[in-house]
Amino acid sequence: MDTIISQQSESSMRKVVYHEFGERDVLQVVSSDIPSPREGEVLIRVQGAGLNPIDWKTRKGFGFVAQQIESSMPWTPGYDVAGEVVAVGDGVTTLAPGDRVMGMIGFPLNGGGYSEYALATADELAIVPEELDLVTAGALPLAALTAWQALFEVAKLEPGQKVLVHAGAGGVGHFAVQFALARGAHVIATASAGNRDFLAELGVHEVIDYHTTDIADECFGLDVILDLVGGDTGKRSLRALGEGGMLVTIPTITADEIVSAAEAQGLRAHGMTVRPDVFHLDEIAELIEDGDVKVHIEKVFKLDQVAQAHELLEGGHVRGKLVLDCR
């Protein structure tokens, strides 16, 4: 049984839970028994747990996940973890205690990342490159997988193509621009003026200030548009698509209307939902090892600062990622 944290023994751990949907004050740090891995599972001592927009939206009761977990609270949020394997269950042959791992775990209904220890299935986990510390690695999986799958599975981005990434300095966006550059694409990104230098340092060819410029007036004939904003931004961007181009929109709440708008204009648009994929994570890890991709962390919070972390997360306009240091 969970209790509000007071003192901790070697058999207990701290984790974040909420018992009901609501504002940031529903987030509590509690003490709980450290779980044991079952068949096919791995127990991780978590060092970094990434924060993603789905975390605060679910906490407020929005979206598919909230509908599904309402009757099974308390619930521990968090899908991104990195840390050290401390125990493995029966049947696990690919990982061993001491391995440095990262993964997108418990997606979408189990969560569990905001914790000192977390269970994951072995096939959710990739080895963390030596070049990456484990707190930083915890911020990578969900956002990086979203960018990777949108660009290369859905849009099928090829070398030499022109790609526009909306919100290029954000969590998913800063990975997307780097992946596209590594693939040899011509990369355009929208961002505020304050993020122009950040994106230029990543190698982005053109940065467009969305406050002052309508993308449809600036771009045309694009092969791929990655829409991380949704709504009117996604619909207006269709005018910049070239014949045979593809717009991939990530926010689920407006995906259907953008896809319908594209169909009405004889254009192609798709929504998508990220999924765990260890092979994709391995490919991303190789890019990090080669120095082609960097993970940018705007701020690191301790576990008991989770409410402050959610406050910054909800405000939007985070450059790169936020992460909880769960050590």
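Residues numbered from 1 in each chain as written. Predicted model: local features only at pLDDT ≥ 70, side-chain atom pairs only at ≥ 80, totals over all residues. Heavy atoms only, no water.

**What to know about the overall build of the chain**
Part 1: Helix and strand counts for the chain stand at eleven helices and 16 strands.
Part 2: Over its C-alpha trace the chain gives a radius of gyration of 20 Å, about what one expects of a compact globule, namely 20 Å for 327 residues.
Part 3: Across the chain, contacts joining residues at least 24 apart in sequence account for 67% of those joining residues at least 6 apart.
Part 4: Accessible surface for the chain amounts to roughly 14300 Å². Of this, 47% is attributable to carbon and sulfur atoms.
Part 5: Positive and negative side-chain charges in the chain, numbering 24 and 48 respectively, have mean positions lying 4 Å apart. (Helix = DSSP H or I, 4+ residues; strand = E, 2+ residues; numbered from the N terminus. Rg over C-alpha atoms; globule rule 2.2 N^0.38 Å. Contact = heavy atoms within 4.5 Å. Areas by Shrake-Rupley, 256 points an atom, 1.4 Å probe, with all protein chains shown as cover. Lys, Arg positive; Asp, Glu negative; His and termini not counted. Charge placed at Lys NZ, Arg CZ, Asp CG, Glu CD.)

**Thoughts on the nonpolar core**
Part 1: In terms of nonpolar packing, the biggest core is built from 88 residues, with Leu140, Leu151, Phe179 and Leu324 touching the most fellow members.
Part 2: When residues of this core are assigned to their parent elements, the largest contribution, nine residues, is made by helix H4 (residues 141-154).
Part 3: With sequence-adjacent residues up to four places away left out, Leu151 is seen in contact with Lys156, Leu157, Val163, Ala176, Phe179, Ala180, Val224 and Leu226.
Part 4: Judged by nonpolar contacts, the second largest core, of 16 residues, contains Leu164, Leu238, Leu247 and Ala269. (Core = buried A, V, L, I, M, F, W, Y, C linked by side-chain atoms within 4.5 Å. Buried < 20%, exposed > 50% of the residue type's maximum accessible area, 1.4 Å probe, protein only.)

**Some thoughts on the packing of H4 against helix H5 (residues 171-182)**
Part 1: Across the interface, H4 lies against H5 with an axial gap of 8 Å and an inter-helix angle of 50 degrees. Judged by the inter-axis angle, H4 sits oblique to H5. You can see that H4 and H5 cross each other, and the crossing is right-handed. On the side of H4, the interface is formed by Ala143, Ala144, Thr146, Ala147, Trp148, Leu151 and Phe152, while H5 contributes Gly171, Val172, Phe175, Ala176, Phe179 and Ala180.
Part 2: Residue composition of the contact of H4 with H5, grouped by class: eleven nonpolar, two polar and no charged. (Axes fitted to C-alpha atoms, helices over the stretch in contact; angles between N-to-C directions. Parallel < 35°, antiparallel > 145°, perpendicular 65-115°, else oblique. Left-handed = near helix turned anticlockwise from the far one by under 90°. Nonpolar A, V, L, I, M, F, W, Y, C, P; charged D, E, K, R; others polar.)

**Some thoughts on the sheet that holds strand E13 (residues 241-249)**
Part 1: Reading across from one edge, E11-E10-E9-E12-E13-E14 is the order of the six strands in this open sheet, with parallel pairing throughout. A strand with exactly one partner marks an edge of an open sheet, and here the two such strands are strand E11 (206-209) and strand E14 (268-271). Going across the sheet, the axis of each strand differs from the next one's by a mean of 15 degrees, ignoring polarity.
Part 2: Looking at chain direction, strand E9 (residues 162-165) and strand E12 (residues 222-227) are connected through three bridges and run parallel. From the neighbouring strand, Val165 faces E12, where its bridge partner is Leu226. (Pairing = 2+ DSSP bridges.)

**Here we look at the environment of Gly231**
Part 1: Inspection of the secondary structure assignment puts Gly231 in helix H8 (residues 231-237).
Part 2: Note: C-alpha distance between Gly231 and Glu311 (80 residues apart in sequence) is 23 Å.
Part 3: Look past the residues within four positions of Gly231 in its chain and what remains in contact with it is Thr254 and Ile258.

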